Structures are given as structure tokens and as C-alpha cells.
Amino acid sequence: MKTLIAILATLTFCTLANAQSKQDLKEGSNTIRLLGGSAQAAASFGLDYERRTGTFGLGAKILHSTKNEDAGKSESTTFDIHAVSHLFDHNDMDIYVAGGIGVSNMDDVANPADPTANTSDETLIGPTLGIGLAYTLSPQWSVGFEYYTLYNWSSDKVADNYNYANVAVGFNF
């Protein structure tokens, strides 16, 4: 399954990046989304940037999540780069899918093999997948929802993936 996700994410990212010419990028639009929500019962917040041309875009995201000891969720900061495909963008409604690669730093992770051992910081690397819905309020503003998953391929001390559900407020310029 990991190989299939990697192949699909790589193909999507390469296809979308290749479809963008320098002229298209110069004539494109920018969107910044303020994100706020939840990840494994912990609060999350962040920023998402997208440079869009037509139905395709390239972007980056930074997302921070607080710690929740009851749910076993460590504090984390995630950065990713991604390609976006806007599947449906009509009548002020935009449905999009974003695939990319992410790096996350998790603080104070307990060792599952030895819970009494000291905690350590872990760096996670893996593909990301975002699915979003946005409603345009005006030419500059939109509101919506985004479900974002970071897959972990680099550490055995934490879960295989982390899911984030965020409300998004977008500003287009």
C-alpha cells in the first residue's frame, strides 16, 4: 500500500508540476488559507499557500498540532509541498485534492517498546493527502473544510499516519 501511495503521489506531483509553464505561473492567482481544527483530539492550526493556474496548483503548508496525552498525541509541526487538482469548481463551490510530501517533527515521543524510557523527538517523512471543500463568499474570501493526512514512513515509535480535520478561511489575491 505504501508503494502504491508513493507512486500515485509522485505521478500526480510530477504531472501537475510539469503542466505548469512559467507563463502560466506568472498569470496565476494566489490563495492563502488559515487552518484551524483538530488532530487526534488535539488542537491544530496552520497556513496553506497555493499558486493556482486553471484547475491545477502548487503549494506549501505549515501545520502545528498541540499535545494530547490522553489520546497519545505528541506536539507536532508539519511542513509539506504539494500539488493541487481542483476537481469541481463551479457556482462558488470548489472541491480539491492535494498530494505531496511532508516532514513533521514530533516532540516528546514515548518509546512503545519501553514506556519507562526517556522520551525523544521524532522526525516523520512521508506522503501527504488533502481533500478539501471551499465556498467562495466574494472574489477575495472563501470558507471551507479540509481533511489532511500525513503518512509516516520513517519512525516505528509513532502511528503510521496522522489525520487533521480543519476549517479553512481563504484569501485570494
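Just so it is clear, the structure is predicted and the values come from calculations on it, not from any experiment. (Residues numbered from 1 in each chain as written. Predicted model: local features only at pLDDT ≥ 70, side-chain atom pairs only at ≥ 80, totals over all residues. Heavy atoms only, no water.)

1. Observations regarding the environment of Ala60
Within the fold, Ala60 resides in strand 3 (residues 56–65). The class of Ala60 is partly exposed, set by a relative accessible area of 23%. Distance in space between the C-alpha atoms of Ala60 and Leu47 is 8.5 Å, their sequence separation being 13 residues. When residues no more than four places from it in sequence are discounted, the contact partners of Ala60 are Leu47, Asp48, Tyr49, Phe79, Asp80, Ile81 and His82. (Helix = DSSP H or I, 4+ residues; strand = E, 2+ residues; numbered from the N terminus. Buried < 20%, exposed > 50% of the residue type's maximum accessible area, 1.4 Å probe, protein only. Contact = heavy atoms within 4.5 Å.)

2. Observations regarding the packing of aromatic side chains
Aromatic ring pairs are reported here in terms of the distance separating the ring centres and the angle at which the planes meet. Taken as a whole, this structure holds three aromatic pairs when the rule is applied. Ring centres of Phe171 and Phe173 lie 5.9 Å apart, and the angle between their planes is 25°; this geometry places the pair in the stacked category. Take Phe171: its relative accessible area is 33%, and that puts it in the partly exposed class. Members of the aromatic cluster, joined through ring pairs, are Trp141, Phe171 and Phe173. Positioned above the aromatic ring of Tyr96 is the side chain of Arg33, whose terminal nitrogen or guanidinium carbon lies 4.8 Å from the ring centre. (Phe/Tyr/Trp six-rings, centres within 6.5 Å; stacked < 30°, edge-to-face > 60°. Lys NZ or Arg CZ within 6 Å of the ring centre and 35° of its normal.)

3. Here we look at the pairing of strand 7 (residues 141–151)
Where strand 6 (residues 120–136) lies against strand 7, nine bridges are found, and the strand directions are antiparallel. Within strand 7, the residue paired with Gly132 across the bridge is Glu146. Turn length for the strand 6-strand 7 hairpin, with the two strands adjacent in sequence and antiparallel, is four residues. With 11 bridges joining them, strand 7 and strand 8 (residues 161–172) adopt antiparallel strand pairing. Across the sheet, residue Ser142 finds its bridge partner in strand 8, namely Gly170. (Pairing = 2+ DSSP bridges.)

4. Quick look at the pairing of strand 3
Here strand 2 (residues 42–53) pairs with strand 3 via 10 bridges, running antiparallel. In the strand pairing of strand 3, Phe45 is matched with His64. Counting the residues between successive antiparallel strands, the hairpin from strand 2 to strand 3 contains two residues, one of them, Gly54, with a positive phi of roughly 70°. Relative to strand 4 (residues 76–90), strand 3 is paired through 10 bridges, and the arrangement is antiparallel. Looking across to strand 4, one finds that Phe56 is bridged to Ser85.

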